[in-house]
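An overview of the molecular structure
The chain contents come next:
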Amino acid sequence: MPLSDALRASFEARAPLIARLAAEQTDAYRLFHGSVEGLPGLTVDRYGDLLLVQTFHRPLETDELSALEAFYAEALPGLALLWNNRSKSNSRILNPLTSEQQAIAETPREFRELGVRYHFQARHAGQDPWLFLDLRAARRRVMQEIAGKSLLNVFAYTCGVGIAAAAAGARHVVNVDFAESSLAVGKDNAKLNALPIRVRFIKSDAFAALRQYAGIGQPKVVRGKRMPPFPELAPQQFDMVFLDPPRYARSPFGVVDLINDYPALFKPALLATAEGGTLVCCNNVAQVDREAWLAQLQRSASKAGRTVQDVEWIAPEADFPSPDGKPPLKMVMLRV
């Protein structure tokens, strides 16, 4: 199928969703999901007044980029379009920009999701966009559940879940991330919104924070080796804990491994969740089977002396189609 035809088919399929999102004060969504819509490795996302095109398998040919620009100039006139080529294995942005394009890429912008305002910049010191759009469904569920409750948002990145929760009436929100640059964006996002509470931002390794909140504690010396400095936190349980770790990461405090060892994170997150509370877990590794992963979480809960009372799967919304019902991103809400 020609690229322009694939773009048109995906755009027409999203028309009802886009109308609903606009009514909900949302102007950020995926317009083209290439892995299931005709061109694997190509994505087109709208963030407010800018369209972000990304390639992950191979660069765009000149005629493909021209087709993209021509189609969206007609379908969504007035929006800027920028391409980030991330087709190398390290996912780094490769393609240079003209001075005019660079100005567009580095211009601070705003967009809205479910009435909450967020900052966006097409190019910045990192690689990924400042809000992952496939997590909208989870942010929506958090907003529906969180009024009057406390939230711990771990691996918070730019704190989208925490800002959404505060906007929806949470009584207490804590965002934990190791990257000061990500937390800085989260703080700016908080300032964008007239939040009814003061949101907390903690720069910390997730293991150190979770173990302290869970009451397990984080020693300053482990097997004779002094740990890097970390903030000291008192044990505390939250009504909701949101856990969205990267696929793999290693630090002196532990190893994040979503394929082989999710329980290493799950156990302290569970112990930091109050009895009768909710733990939202995310796993973005496509080859992890959904039911096997859930069984692993349930076994881990049982070993920790807690019972999973109820399970609710959260599916990505219609701009992230999954014909086989097995989206790469798995999100599950556990009542514990």
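The notes below deal with the structure included here. (Residues numbered from 1 in each chain as written. Predicted model: local features only at pLDDT ≥ 70, side-chain atom pairs only at ≥ 80, totals over all residues. Heavy atoms only, no water.)

**Notes on the environment of Leu 82**
Here is the rule we go by: Every helix listed is a DSSP run of H or I at least four residues long, and every strand listed is a run of E at least two residues long, numbered separately from the N terminus. Contact definition: two residues touch when any of their heavy atoms are within 4.5 Å.
Along the chain, the position of Leu 82 falls in strand β4 (residues 80-85). Residues Leu 82 and Leu 51, spaced 31 residues apart in sequence, show a C-alpha to C-alpha distance of 6.3 Å. Residue contacts for Leu 82: discarding those within four places in its chain leaves Leu 51, Leu 52, Val 53, Leu 97, Gln 101, Ala 105, Ala 122 and Arg 123.

**Here we look at the sheet that holds strand β2 (residues 42-47)**
Let me state the cut-off plainly: Two strands make a pair as long as DSSP finds a minimum of two bridges between them. Helix axes are fitted only over the stretch in contact, all axes being lines through C-alpha atoms; the angle between N-to-C directions runs from 0 to 180 degrees.
Spatially, 4 strands are ordered β1-β2-β3-β4 in an open sheet, and the strand pairing comes out mixed. Two strands bound the open sheet, and with one partner strand each, they are β1 (28-33) and β4. Averaged over all pairs of adjacent strands, the angle between strand axes in this sheet comes to 20°, irrespective of strand direction. One ladder, built from 6 bridges, connects β2 with strand β3 (residues 50-55); its direction is antiparallel.

**Section: the packing of aromatic side chains**
As a reminder, the rule being used: Centres within 6.5 Å are what make two rings of Phe, Tyr or Trp a pair, Trp counting through its six-membered ring; a difference in plane orientation under 30 degrees is then read as stacked, over 60 as edge-to-face, and the rest as tilted. Think of it in three bands: residues with accessible area under 20% of the maximum for their type are buried, residues over 50% are exposed, and the middle band is partly exposed, with areas taken using a 1.4 Å probe on protein chains only. Each ring is checked for a lysine NZ or an arginine CZ that lies within 6 Å of its centre and within 35 degrees of its normal; such an atom marks a charge sitting over the ring.
Tallied over the entire structure, the rule returns 11 aromatic pairs. With a centroid separation of 6.1 Å and 80° between ring planes, the pair formed by Phe 11 and Phe 71 is classed as edge-to-face. Of the two residues, Phe 11 is situated in helix α1 (residues 3-23) and Phe 71 in helix α3 (residues 62-75); the sequence distance between them amounts to 60 residues. Where Tyr 47 meets Phe 120, the ring centres are 4.3 Å apart and the plane angle is 10°; that geometry is what we call stacked. Pair noted here: Tyr 47 is in strand β2 and Phe 120 is in strand β6 (residues 116-120), with a separation of 73 residues, a long-range link. Judged by its relative accessible area of 1%, Phe 120 falls in the buried class. These aromatic residues form a ring-pair network of at least three members: Tyr 47, Phe 111, Tyr 118 and Phe 120. The aromatic ring of Phe 178 is capped on one face by Lys 203, whose charged end is 4.6 Å from the ring centroid. Lying over the aromatic face of Trp 313, Arg 290 brings its terminal NZ or CZ to 4.2 Å of the ring centre.

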